Amino acid sequence: MRHLIDPTDLSSEELNEIIALALDIIDNRPKYAEACKGKKLATLFYEPSTRTRLSFTSAMMELGGNVIGFSDAMNSSVSKGETVADTTRVINCFADIIAMRHFVEGGPFVSALHSDTPVINAGDGSHAHPTQTLTDLLTIKREIGRFDNLTVGFCGDLKFGRTVHSLIKALSKFKGINVILIAPDELRLPGYMKQEVCDRLGIPCREVESLEEVMGELDVLYMTRVQKERFLDEEEYERVKDCFVLTADKLRDAKPTMRILHPLPRVNEIATDVDSDPRAAYFRQVENGKFVRMALILKLLEWAHREDKHREMLPNDTVIGEHRCSNPKCISNVEAHAVEPLFRPSADGNGMRCVYCESRPSK
Ligand code: CP
């Protein structure tokens with residue numbers, strides 16, 4: 001069974017197929033109006049969302065299919081203690097495909113392990129958000145016309161910003177990518193991401209603390225919100241919340257062809273005086289999210305019975321039950337009674353990583 005849990009679950013060819021299909025959908029919308037007739041999508045959202053949930057809903061409706069699900073897990077049997085695995089088995093009786101957002105890292109991964117239908121990770125904690133990545137890639141394709149030879153600046157909360165983690169991983173598949181990481185010390189990209197993408201895959205990554213010093217180099221400026229909901233310490237959030245605010249004035253040195261992306265919602269990291277600049281692509285990016293999710297639903301239903309990378313990978317080098325994950329927000333800790341700890345050797349050869357959230361074992 002094929003799922004989309006992490007952006008690296010898709011090969012470069014599959015990624016290109018999804019983007020090409022999204023572009024065809026944009027040009028030929030009536031052709032797809034009944035493409036999912038008789039099919040049901042379940043949107044299981046354990047965490048708030050506007051864009052992701054409604055774009056999935058809208059995507060399935062535009063394909064002629066139906067949507068069931070919940071937008072508040074506390075109104076479902078999750079409030080009685082039902083596990084992700086059991087909820088998934090139940091939803092398998094009703095739906096052909098699942099989109100799950102979870103505030104716990106690894107929730108959609110556990111769902112995929114127990115699902116007879118494709119599971120799409122619609123965002124898991126501060127870990128990954130692969131459908132936002134597809135949205136970002138379609139936006140780059142439509143706005144800039146290429147994926148190769150781009151200098152991409154990621155600005156703001158690079159520690160908790162799951163969209164950043166997913167997009168950096170996806171960009172590592174293309175040639176000539178330069179990454180500039182613009183963040184205060186407290187919000188730097190996690191070490192495991194830097195090791196995996198910058199060191200192991202050889203993507204040039206430069207860390208700076210000022211947006212102005214690199215503005216003129218960028219083809220894409222990816223702004224992010226400081227993720228208040230992920231901070232364990234409120235005082236730390238207050239210290240860093242306004243670390244970068246993009247204003248029209250700061251775009252003075254930016255290339256005319258540069259594009260500003262933001263997964264949204266924004267708080268105050270982009271001033272509203274930027275919105276009317278033609279380089280501000282973030283509201284166009286939202287609409288691309290619907291088209292790319294239409295393409296993803298179609299492709300995953302088509303590929304449903306292709307080999308599943310996760311099932312294939314688990315038996316080979318996975319260590320079951322020997323360690324516990326150090327991340328308190330990992331599904332293996334939150335549902336410890338139901339989810340076995342699973343670890344695999346780290347890609348950088350440096351110890352073990354949790355299969356669900358990529359954290360280290362606890363000491
Ligand atoms: N970009 C994004 O994931 O937005 P929502 O949280 O509104 O879904």
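What counts, and where the lines are drawn
- Residues numbered from 1 in each chain as written.
- Predicted model: local features only at pLDDT ≥ 70, side-chain atom pairs only at ≥ 80, totals over all residues.
- Heavy atoms only, no water.
- Helix = DSSP H or I, 4+ residues; strand = E, 2+ residues; numbered from the N terminus.
- Buried < 20%, exposed > 50% of the residue type's maximum accessible area, 1.4 Å probe, protein only.
- Polar contact = N/O pair within 3.5 Å; in protein donor to acceptor, adjacent residues only side chain to side chain.
- Disulfide = S-S within 2.5 Å.
- Axes fitted to C-alpha atoms, helices over the stretch in contact; angles between N-to-C directions.
- Parallel < 35°, antiparallel > 145°, perpendicular 65-115°, else oblique.
- Left-handed = near helix turned anticlockwise from the far one by under 90°.
- Contact = heavy atoms within 4.5 Å.
- Nonpolar A, V, L, I, M, F, W, Y, C, P; charged D, E, K, R; others polar.
- Right-handed = clockwise from strand over helix to strand, strands pointing away.
- Pairing = 2+ DSSP bridges.
- Core = buried A, V, L, I, M, F, W, Y, C linked by side-chain atoms within 4.5 Å.
- Near = heavy atom within 4 Å.
- Areas by Shrake-Rupley, 256 points an atom, 1.4 Å probe, with all protein chains shown as cover.

Moving on: the side chain of H3. You can see H3 is positioned in the segment before helix 1 (12-27). Look at H3 and you get buried, because its relative accessible area is 3%. For H3, the side chain forms a polar contact with the main-chain oxygen of A112, separated by 3.3 Å. Polar side-chain contacts of H3 include one of 2.8 Å to the backbone nitrogen of V119.

Let us look at the state of the cysteines. Each disulfide consists of a covalent bond between the sulfur atoms of two cysteine residues. Taken as a whole and assessed by the stated rule, the structure comprises one disulfide. The disulfide partner of C198 is C205, and the S-S distance across this bridge is 2.0 Å. Measuring the twist about the S-S bond at about -75°, one finds the C198-C205 disulfide to be left-handed. Distance from the sulfur of C330, which forms no disulfide, to the nearest cysteine sulfur (C354) is 3.7 Å.

With that settled, consider the packing of helix 1 against helix 9 (residues 282-303). Contact geometry of helix 1 with helix 9 gives a least axis separation of 8 Å together with a crossing angle of 125°. By the angle class used here, helix 1 and helix 9 are oblique. The two elements helix 1 and helix 9 cross, and the hand of that crossing is right-handed. Contacts between helix 1 and helix 9 involve E14, E17, I18, I19, L21, A22, I25 and I26 from the former and F291, V292, M294, A295, L296, L298, K299 and W303 from the latter. Among the residues making up the contact of helix 1 with helix 9, the classes are represented as 13 nonpolar, no polar and three charged.

Next up on the list: the environment of R266. Mapping R266 onto the fold places it in the loop between strand 9 (259-261) and helix 9. Assessed through its relative accessible area of 22%, R266 is described here as partly exposed. Between the alpha carbons of R266 and E62 there is a distance of 27 Å; along the sequence they are 204 residues apart. Those residues in contact with R266, other than ones at most four positions away along the chain, are A271, T272, D275, Y282 and F283. Side-chain polar atoms of R266 contact the backbone oxygen of I270, separated by 3.2 Å.

How two helices sit against one another is set out by the angle between their axes and by the gap between those axes. Direction vectors running N to C along helix 5 (residues 130-144) and helix 9 enclose 115°, while the axes themselves pass 8 Å from each other. Relative to helix 9, the element helix 5 lies roughly perpendicular. For the element pair helix 5 and helix 9, the recorded crossing hand is right-handed. Contacts between helix 5 and helix 9 involve T131, Q132, L134, T135, D136, L138, T139, R142 and E143 from the former and R284, Q285, N288, G289, F291, V292, R293 and L296 from the latter.

With that settled, consider the pairing of strand 1 (residues 40-45). With respect to burial, strand 1 is a largely interior element, five of its six residues being buried. Crossover connection from strand 1 via helix 2 (residues 51-62) to parallel strand 2 (residues 66-70): handedness right-handed. Bridging between strand 1 and strand 3 (residues 97-102) involves five bridges; their strand directions are parallel. Directly across from L41, in strand 3, lies its bridge partner I97.

All right, on to the nonpolar core then. In terms of nonpolar packing, the biggest core is built from 58 residues, with L137, F154, I168 and I297 touching the most fellow members. For this core, the element with the highest residue contribution is helix 9, accounting for nine residues.

The environment of the ligand is made up of S49, T50, R51, T52, R101, H129, Q132, P263 and L264. Here an oxygen atom of the ligand and a side-chain polar atom of S49 are 2.6 Å apart. About the coverage of the ligand: the protein hides 92% of its 250 Å² of free accessible area. By residue class, the composition of the shell around the ligand is two nonpolar, five polar and two charged.

Distances and angles like these do not, on their own, reveal function.
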